[in-house]
Amino acid sequence: MEEQPKNQNGPRPAEPVALTTGRLVLRAPREEDVDAVFAACQDEEIQRWTVVPSPYRRQDAEYFVHDLAANGWRTGENLVWCVFERETGALVGSQGLMACAGRPGAAEVGWWAAKEFRGRGYTAEAAAAVARYGLRELGLRRLEWLAYVGNDGSRAVAEKVGFRFEGTLRSYSEQRGRFLDTWIASLLADDLPG
């Protein structure tokens, strides 16, 4: 197998890549996922802790699948996966890997989990797969996790994956016209197990 050149600029243009774990399949969103994404994003907790629109409408799910994810893969700047249970095919959540503008080799990770699948370790399992892909396959030097202060569930996932907490960025992230204090943590290739 020919080794791919390492990428120090961030995610690169790519055809969508599927990732698998013991219990999950991660793949680019498709038309048939619109209804499940729409249903999942009705959850107040997803709207509270992410930048998804609130209220979340069907056209928002269509935009997520047809524009945001499709263009992200086309440009390589925002790789988006829908996460599914291998056994049932049910939508578990979403994972993303977005290039950090102006910082070569750095990308931000992000995720949300459908309400009924929280607490099973699925988000950490999927996030670990995305982290390995970004750091090992794409050759990124640094992954960053950011979350609004108080998002303890997301922080627990980041810590389980191995992200190292770096601090609190005051009035840093915008959500619907407000700037919120934000936690930041990082993961480097050397932080990955085996």
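For the structure, see preceding data.
### Focus on the overall build of the protein chain
Here's step 1: Per the secondary structure count, the protein chain includes five helices and eight strands.
Here's step 2: For a compact globule of 194 residues, the expected C-alpha radius of gyration is about 16 Å, and the protein chain comes in at 16 Å, within 12% of that figure.
Here's step 3: Each of the three principal axes of the protein chain carries a C-alpha extent, and together these read 40 × 40 × 30 Å.
Here's step 4: Counting over 194 residues, the protein chain shows a buried share of 49%.
Here's step 5: Long-range pairs, those at least 24 residues apart, make up 64% of the contacts in the protein chain between residues at least 6 apart in sequence.
Here's step 6: Roughly 10,200 Å² of accessible area belongs to the protein chain as shown, and the carbon and sulfur atoms make up 49% of that amount.
Here's step 7: A gap of 4 Å separates the mean positions of the 24 positive and 28 negative side-chain charges of the protein chain.

### Looking at the layout of surface pockets
Here's step 1: Roughly 1,300 Å³ of internal volume is contained in the largest pocket.
Here's step 2: As for the largest pocket, its lining consists of 48 residues, of which Trp-49, Thr-50, Gly-110, Trp-111 and Trp-112 are closest to the centre.
Here's step 3: Split by residue class, the lining of the largest pocket holds 26 nonpolar, 14 polar and eight charged.

### Section: helix α4 (residues 122–137)
Here's step 1: Helix length check: α4, at 16 residues, gives a terminal C-alpha distance of 21 Å against a target of 22 Å (1.5 Å per residue), a fit within 8%.
Here's step 2: Burial runs high along α4: 13 of the 16 residues are buried.
Here's step 3: Positive backbone phi, approximately 70°, marks Gly-139, located one or two places after α4.

### Considerations on unusual backbone geometry
Backbone geometry follows two general trends: most residues other than glycine have a negative phi, and most peptide bonds adopt the trans configuration.
Here's step 1: Cis geometry is adopted by the peptide bond preceding Pro-55, which originates at Ser-54 and carries an omega value of 0°.
Here's step 2: Here Pro-55 lies in the loop between α2 (44–49) and α3 (58–75).
Here's step 3: The phi angle at Ser-171 is positive, at roughly 45°, despite the residue not being glycine.
Here's step 4: Here Ser-171 lies in strand β7 (residues 164–175).
Here's step 5: The phi dihedral of Arg-176 falls on the positive side, at around 50°, and the residue is not glycine.

### Focus on the packing of aromatic side chains
Here's step 1: All told, the structure shown has five aromatic pairs when counted by the stated rule.
Here's step 2: Plain terms: the ring middles of Trp-73 and Trp-81 are 5.3 Å apart, the flat faces sit at 90° to each other, and that makes the pair edge-to-face.
Here's step 3: For Trp-81, a relative accessible area of 0% corresponds to the buried category.
Here's step 4: On the numbers, 6.5 Å between centres and 75° between planes, the contact of Phe-165 with Trp-183 is edge-to-face. Residue Phe-165 is located in strand β7, and its partner Trp-183 is located in strand β8 (residues 178–187); the two are separated by 18 residues in the primary sequence.
Here's step 5: Phe-165 sits in the partly exposed class, given a relative accessible area of 38%.
Here's step 6: Since its relative accessible area comes to 9%, Trp-183 is described here as buried.
Here's step 7: Put simply, the rings of Trp-73, Trp-81 and Tyr-133 touch in pairs and so form one group of aromatic residues.

### A look at the packing of α4 against helix α5 (residues 152–161)
Here's step 1: Packing of α4 against α5 brings their axes to within 9 Å, and their N-to-C directions diverge by 50°. Taken together, the axes of α4 and α5 lie oblique to each other. The two elements α4 and α5 cross, and the hand of that crossing is right-handed. Counted together, Thr-123, Ala-124, Ala-127, Ala-128 and Ala-131 of α4 and Val-157, Lys-160 and Val-161 of α5 form the full contact between these two elements.

### Regarding the pattern of salt bridges
Here's step 1: Applying the stated criterion to the full structure yields 14 salt bridges.
Here's step 2: For Arg-23, the salt bridge goes to Glu-125, with nearest N and O atoms at 2.7 Å. Here Arg-23, found in the loop between β1 (19–20) and β2 (24–27), pairs with Glu-125, found in helix α4; they are 102 residues apart in sequence, far enough to count as distant.
Here's step 3: Residue class for Glu-125 comes out buried when judged on its relative accessible area of 18%.
Here's step 4: Each of Arg-103, Arg-142, Glu-144 and Glu-166 takes part in one network of salt bridges that share partners.

Each value, and the rule that gives it
Residues numbered from 1 in each chain as written. Predicted model: local features only at pLDDT ≥ 70, side-chain atom pairs only at ≥ 80, totals over all residues. Heavy atoms only, no water. Helix = DSSP H or I, 4+ residues; strand = E, 2+ residues; numbered from the N terminus. Rg over C-alpha atoms; globule rule 2.2 N^0.38 Å. Buried < 20%, exposed > 50% of the residue type's maximum accessible area, 1.4 Å probe, protein only. Contact = heavy atoms within 4.5 Å. Areas by Shrake-Rupley, 256 points an atom, 1.4 Å probe, with all protein chains shown as cover. Lys, Arg positive; Asp, Glu negative; His and termini not counted. Charge placed at Lys NZ, Arg CZ, Asp CG, Glu CD. 1 Å grid on protein atoms, 1.4 Å probe; cavity = no way out; pocket = protein on both sides within 12 Å on 5 of 7 lines; lining within 4 Å. Points joined across faces, edges and corners; volume = space filled by probe spheres on them. Nonpolar A, V, L, I, M, F, W, Y, C, P; charged D, E, K, R; others polar. Expected span 1.5 Å × (residues − 1). Phe/Tyr/Trp six-rings, centres within 6.5 Å; stacked < 30°, edge-to-face > 60°. Axes fitted to C-alpha atoms, helices over the stretch in contact; angles between N-to-C directions. Parallel < 35°, antiparallel > 145°, perpendicular 65-115°, else oblique. Left-handed = near helix turned anticlockwise from the far one by under 90°. Salt bridge = Lys/Arg side-chain N within 4 Å of Asp/Glu carboxyl O.

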